[in-house]
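Structural features, examined
Listed below, chain by chain, are the residues.
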Amino acid sequence: MLLESKNAVIYGGGGKVGGAVARAFAREGANVFLAGRTLSTLEEVAEEIRSAGGVAEMEQVDALDERAVDEHADAVAEKAGGIDISFNLISYEDVQGTPLAEMPLENFERPIMIGVRTLFLTSRAAARHMVRQGSGVILTFGGAGGRDPIRDYASGGFQIYFGGFQVALGALDVLRRQLAVEFGPHGIRVVTLQSGGVPETTREDWREAITQSFVDTSMLRRAETLEDVGNVAAFAASDLVARTMTATALNITCGRVAD
């Protein structure tokens with residue numbers, strides 16, 4: 001197994017992407033520590049993992065609360081003996097569908113502020129323990145710099161406006177690179193899973209159009225799935241197959257983005 005006996009903390013572990021990653025990590029032998037604000041969804045994922053023979057624990061944690069994040073990381077490290085993997089998958093509460101010219105400032109800046117704050121807090125909390133053990137992996141999800149603006153995202157010229165979300169991805173990519181250069185000498189890798197979106201997680205009224213657009217514009221003529229995200233995350237977190245990878249993004253767009 002790729003992650004046997006590794007201790008993985010997943011923030012937003014009760015969400016669709018977080019749950020998919022948690023199940024993949026557990027399948028590969030990791031001890032999974034789910035953190036999030038909604039206990040019912042965390043328990044659902046944890047119970048599914050346990051039923052499949054995996055190890056999962058859960059804790060209610062607000063990943064925007066500095067004290068809560070630090071205390072939770074310390075508790076996990078003390079109980080499990082360390083933290084090997086940290087993956088932040090909480091929602092950025094972005095507002096989509098409104099043109100920037102019509103968007104209130106608070107809606108624009110919310111995903112930027114949330115994304116940067118939560119990645120910094122959770123990465124710092126994990127890194128303090130990873131530095132002592134001389135190893136660790138911090139994963140991020142979403143994009144690789146938001147270098148290209150998005151328009152006409154779905155088929156038929158259907159306009160989907162992304163507000164501050166793409167800007168947030170750019171800020172997170174810069175932070176990921178800085179974390180990688182500072183943490184690297186301590187044996188800590190920082191890697192992004194570059195996804196242009198997972199149709200299973202999108203608004204239901206957009207899902208069909210987005211899925212078709214992904215299929216039409218991808219080299220592989222398919223769209224990435226939640227299962228794909230989990231599998232690539234397990235690959236990225238593994239020192240067996242990805243130990244030389246840091247300060248980079250793994251492109252899981254099925255060829256919609258060419259590096």
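1. Topic: the packing of aromatic side chains
Enumeration according to the criterion identifies one aromatic pair in this entry. Look at Tyr92 and Phe165: their rings are 6.5 Å apart centre to centre, the planes differ by 40°, and that puts the pair in the tilted class. Pair noted here: Tyr92 is in the loop between strand S4 (85–88) and helix H4 (105–133) and Phe165 is in helix H5 (residues 165–183), with a separation of 73 residues, a long-range link. On the accessibility criterion, Tyr92 (11% relative accessible area) is buried.

2. Details of the side chain of Arg189
Structurally, Arg189 is set in strand S6 (residues 188–194). Among the residues examined, Arg189 registers a relative accessible area of 6% and is labelled buried. Within polar-contact distance, the side chain of Arg189 engages the backbone oxygen of Ser238 at 3.5 Å. Excluding residues that lie within four positions of it along the chain, Arg189 makes contacts with Gly136, Val137, Ile138, Ala236, Ala237, Ser238, Asp239, Ala242, Arg243, Met245 and Thr246.

3. A look at the packing of helix H1 (residues 16–27) against helix H7 (residues 226–237)
Working note: a packed helix pair is described by the angle between its axes plus the distance between those axes. With their axes 8 Å apart at the nearest point, H1 and H7 run at an angle of 50° to one another. Of the possible angle classes, the one that applies to H1 and H7 is oblique. Note on packing geometry: the crossing formed by H1 with H7 is right-handed. For the pair H1 and H7, the contacting residues are Lys16, Val17, Ala20, Val21, Ala24, Phe25 and Arg27 in the first and Leu226, Val229, Gly230, Asn231, Ala233, Ala234 and Ala237 in the second. Counted by class, the contact of H1 with H7 contains ten nonpolar, two polar and two charged residues.

4. A look at helix H2 (residues 39–51)
Over its 13 residues, H2 extends 18 Å from the first C-alpha to the last, a length consistent with the 18 Å expected when each residue adds 1.5 Å. Inspection of H2 places Leu42, Val45, Ala46 and Ile49 among the buried residues, and these make up the whole buried set. Angularly, the buried residues of H2 cover 100° about the axis, an arc narrow enough to put them on a single face. Turned more than 90 degrees off the buried face of H2, the exposed positions are Ser40, Glu44 and Ser51. Check the buried side of H2 and you find it contacts H1, strand S2 (31–36) and strand S3 (55–60).

5. Overview of the environment of Pro185
Inspection of the secondary structure puts Pro185 in the loop between H5 and S6. Residue Pro185 is classed as exposed on the basis of its relative accessible area, which comes to 70%.

6. Some remarks on a nonpolar patch on the surface
Residues Phe235, Leu240 and Val241 make up a contiguous nonpolar surface patch of about 270 Å² in total accessible area. Along the polypeptide, Val241 turns up in helix H8 (residues 239–242).

7. Thoughts on the nonpolar core
One finds Val21, Phe25, Val32, Phe87, Leu139 and Phe141 to be the most contacted residues of the largest nonpolar core, which totals 34 residues. Listing elements by their share of this core, those giving two or more residues are strand S1 (7–11), H1, S2, H2, S4, strand S5 (136–142), S6 and H7. Look past the residues within four positions of Leu139 in its chain and what remains in contact with it is Phe25, Ser86, Phe87, Asn88, Val191, Ala233, Ala236 and Ala237.

8. Brief notes about the packing of helix H3 (residues 66–80) against H4
Running from amino to carboxyl end, H3 crosses H4 at an angle of 30°, the nearest separation of the two axes being 9 Å. The angle between H3 and H4 places the two elements in the roughly parallel class. H3 and H4 meet at a crossing whose hand is right-handed. The segment H3 lies against H4, with Glu66, Val69, Asp70, Ala73, Asp74 and Ala77 engaging Arg117, Leu121, Thr122, Arg124, Ala125, Arg128 and His129. By residue class, the composition of the contact of H3 with H4 is five nonpolar, two polar and six charged.

9. What about the pattern of salt bridges?
Considering all chains together, one arrives at 17 salt bridges under this definition. Arg27 serves as the salt-bridge partner of Glu28, at 3.3 Å between the closest nitrogen and oxygen. The exposure class assigned to Glu28 is buried, which follows from its relative accessible area of 14%. Taking the relative accessible area as the measure of exposure, Arg27 reaches 45% and is therefore partly exposed. Across the salt bridge formed by Glu93 and Arg37, the nearest N and O atoms sit 3.2 Å from each other. Here the residue Glu93 occupies a position in the loop between S4 and H4, and Arg37 occupies one in the loop between S2 and H2, the gap between them amounting to 56 residues. Here the salt bridges do not stand alone but share partners, grouping Glu66, Asp70, Arg124 and Arg128 into one network.

Rules behind the numbers
- Residues numbered from 1 in each chain as written.
- Predicted model: local features only at pLDDT ≥ 70, side-chain atom pairs only at ≥ 80, totals over all residues.
- Heavy atoms only, no water.
- Phe/Tyr/Trp six-rings, centres within 6.5 Å; stacked < 30°, edge-to-face > 60°.
- Helix = DSSP H or I, 4+ residues; strand = E, 2+ residues; numbered from the N terminus.
- Buried < 20%, exposed > 50% of the residue type's maximum accessible area, 1.4 Å probe, protein only.
- Polar contact = N/O pair within 3.5 Å; in protein donor to acceptor, adjacent residues only side chain to side chain.
- Contact = heavy atoms within 4.5 Å.
- Axes fitted to C-alpha atoms, helices over the stretch in contact; angles between N-to-C directions.
- Parallel < 35°, antiparallel > 145°, perpendicular 65-115°, else oblique.
- Left-handed = near helix turned anticlockwise from the far one by under 90°.
- Nonpolar A, V, L, I, M, F, W, Y, C, P; charged D, E, K, R; others polar.
- Expected span 1.5 Å × (residues − 1).
- Arc of directions from axis to C-beta.
- Patch = residues over 30% accessible without salt bridge, like charges linked within 9 Å, V, L, I, M, F, W, Y side chains within 5 Å.
- Areas by Shrake-Rupley, 256 points an atom, 1.4 Å probe, with all protein chains shown as cover.
- Salt bridge = Lys/Arg side-chain N within 4 Å of Asp/Glu carboxyl O.
- Core = buried A, V, L, I, M, F, W, Y, C linked by side-chain atoms within 4.5 Å.

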